[in-house]
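# Structure at a glance
Here is how the chains run, residue by residue.
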Amino acid sequence: AQSVTQLDSQVPVFEEAPVELRCNYSSSVSVYLFWYVQYPNQGLQLLLKYLSGSTLVKGINGFEAEFNKSQTSFHLRKPSVHISDTAEYFCAVSVMNRDDKIIFGKGTRLHILP
Amino acid sequence: DAGVTQSPTHLIKTRGQQVTLRCSPKSGHDTVSWYQQALGQGPQFIFQYYEEEERQRGNFPDRFSGHQYPNYSSELNVNALLLGDSALYLCASSLDGRGSYGYTFGSGTRLTVV
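So, here's what we can say about the structure. Everything quoted here is computed from the prediction, not taken from an experiment.

### Structural notes on the state of the cysteines
Residues and elements named next belong to chain B. This structure, assessed with the given rule, holds two disulfides over all chains. What pairs with Cys-23 in a disulfide is Cys-91, and their sulfur atoms sit 1.8 Å apart. Torsion about the S-S bond of the Cys-23 and Cys-91 cystine: about -60 degrees, corresponding to left-handed handedness. Here Cys-91 lies in strand β9 (residues 87-94) and Cys-23 lies in strand β3 (residues 19-24), a separation of 68 residues in the sequence.

See the structure below:
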């Protein structure tokens, strides 16, 4: 079975500073990886996804993530955060080449400090 | 282009009652997945419907059931409600359930059981 671990439940960061949200996954087979964002009182929105190819994936709102197979990690980064980035961020995984469900981590709350 | 629509947005029920939540998928999508998101947690997979059949199921009791109609819309039914069923219920649609295409989420139905 697949699982996702988000190492930080909350990350405080000053506005315009860089941020990294950490994600590790566990799977015996190849997987697709995702980052979703959830703004207060809303559903989830896809930020970016890794399917294959280049290990550096660029997404919306200036976010990017790097797939590291040896470390089984898929950390999310942004070079300069804005107050509007305040949200909950979820890392997720699904099995490659199958019509399989997406499994989510517990989430990391990004708190932007003025 | 309408995204995923869920109704109602909020609902309050009493323990022991039954509830039905509804979801209309994004245009062009044929698969609907349901998730339960408890406060401060990541979404937990309930089940997925494709071609009007339940294709996959998570670790939820039989009190949770669903249905998919020929127009791909879906319902989630929960019988004998417990206080612990209080959560945000998210519907996600996709094409053929494939994780590689990503899921499109609705804004959810907030269920409160008292």
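### Considering the interface of chain A and chain B
Opposite the 20 residues of chain A that make contact, chain B presents 23 residues. Among the elements of the structure, β5 (31-38), β6 (44-50) and β10 (87-95) of chain A are those that each provide at least two residues to the side of chain A that touches chain B. For the side of chain A that touches chain B, the element with the most residues is β5(A), which contributes four residues. Of the residues in the side of chain A that touches chain B, the class split is eight nonpolar, six polar and six charged.

### What to know about the nonpolar core
Considering soluble globular proteins, one finds that nonpolar side chains tend to be buried as a cluster. A:Trp35, A:Leu48, A:Leu76 and A:Tyr89 are the most contacted members of the largest nonpolar core, which has 28 residues in total. Those residues in contact with A:Tyr89 that lie beyond four places of it in its chain are A:Gln6, A:Leu21, A:Trp35, A:Tyr36, A:Val37, A:Leu47, A:Phe63, A:Leu76, A:Gly107, A:Thr108 and A:Leu110. Of all hydrophobic cores here, the second largest spans 19 residues; its members include B:Val19, B:Trp34, B:Phe64 and B:Val78.

### A closer look at the packing of aromatic side chains
One pass over the structure, following the stated rule, counts 14 aromatic pairs over all chains. For the ring pair A:Phe34 and A:Tyr36, a centre distance of 6.2 Å and an interplane angle of 40 degrees mean the geometry is tilted. Here A:Tyr36 falls in the buried class, since its relative accessible area comes to 0%. Judged by centre distance (6.5 Å) and plane angle (45 degrees), the rings of B:Tyr103 and B:Phe105 are tilted. Each of the two residues, B:Tyr103 as well as B:Phe105, counts as buried. Grouping aromatic residues by their ring pairs yields a cluster made of A:Phe34, A:Tyr36, A:Phe90, A:Phe104, B:Tyr35, B:Phe45, B:Tyr103 and B:Phe105. Looking at B:Arg55, its charged tip hangs above the ring of B:Tyr50, at a distance of 4.3 Å from the centre.

### Description of the sheet that holds β3(B)
Through backbone hydrogen bonds, the strands of a sheet pair up, either in parallel or in antiparallel fashion. All names here are of chain B. Across the sheet, four strands lie side by side as β1-β3-β8-β7; this open sheet has antiparallel pairing. With partners counted over all chains shown, the strands left at the sheet margins are β1 (5-7) and β7 (64-68), one partner each. Strand-to-strand, the axes of this sheet are offset by a mean angle of 20 degrees, without reference to chain direction. Where β1 meets β3, three bridges bridge the pair, whose relative direction is antiparallel.

### What about the pairing of β5(A)?
When a strand is regular, its side chains alternate between the sheet's two faces. Residues and elements named next belong to chain A. Of all eight residues making up β5, eight are buried, and the element is well covered by its neighbours. Neither face of β5 is left uncovered, since the one carrying Val-31, Leu-33, Trp-35 and Val-37 and the one carrying Tyr-32, Phe-34, Tyr-36 and Gln-38 both have all their residues buried. Taken together, the eight bridges between β5 and β10 define a ladder with antiparallel strand orientation. Bridge assignment links Leu-33 to a residue of β10, and that residue is Val-93. Bridge analysis of β5 against β6 gives six bridges, and the strand direction is antiparallel. Within β6, the position partnered with Tyr-36 by the bridge is Leu-46. Taking the residues that link successive antiparallel strands as the turn, the β5-β6 hairpin has five residues, and the phi of Asn-41 there is positive, at about 60 degrees.

### Focus on the pattern of salt bridges
Residue and element names in this part refer to chain A. Applying the stated rule across the entire model yields nine salt bridges over all chains. The partner of Arg-22 in a salt bridge is Asp-8, and the shortest N-O contact between them spans 3.0 Å. Taken together, the residues Arg-22 in the loop between β3 (19-21) and β4 (23-26) and Asp-8 in the loop between β1 (3-6) and β2 (10-14) connect sequence positions 14 residues apart. For Arg-22, a relative accessible area of 33% translates into the label partly exposed. Among the ionic contacts, a cluster of salt bridges with common partners joins Glu-20, Glu-66 and Arg-77.

The rules behind these values
- Residues numbered from 1 in each chain as written.
- Chains lettered and ligands numbered in written order.
- Predicted model: local features only at pLDDT ≥ 70, side-chain atom pairs only at ≥ 80, totals over all residues.
- Heavy atoms only, no water.
- Disulfide = S-S within 2.5 Å.
- Helix = DSSP H or I, 4+ residues; strand = E, 2+ residues; numbered from the N terminus.
- Contact = heavy atoms within 4.5 Å.
- Nonpolar A, V, L, I, M, F, W, Y, C, P; charged D, E, K, R; others polar.
- Core = buried A, V, L, I, M, F, W, Y, C linked by side-chain atoms within 4.5 Å.
- Buried < 20%, exposed > 50% of the residue type's maximum accessible area, 1.4 Å probe, protein only.
- Phe/Tyr/Trp six-rings, centres within 6.5 Å; stacked < 30°, edge-to-face > 60°.
- Lys NZ or Arg CZ within 6 Å of the ring centre and 35° of its normal.
- Pairing = 2+ DSSP bridges.
- Axes fitted to C-alpha atoms, helices over the stretch in contact; angles between N-to-C directions.
- Salt bridge = Lys/Arg side-chain N within 4 Å of Asp/Glu carboxyl O.

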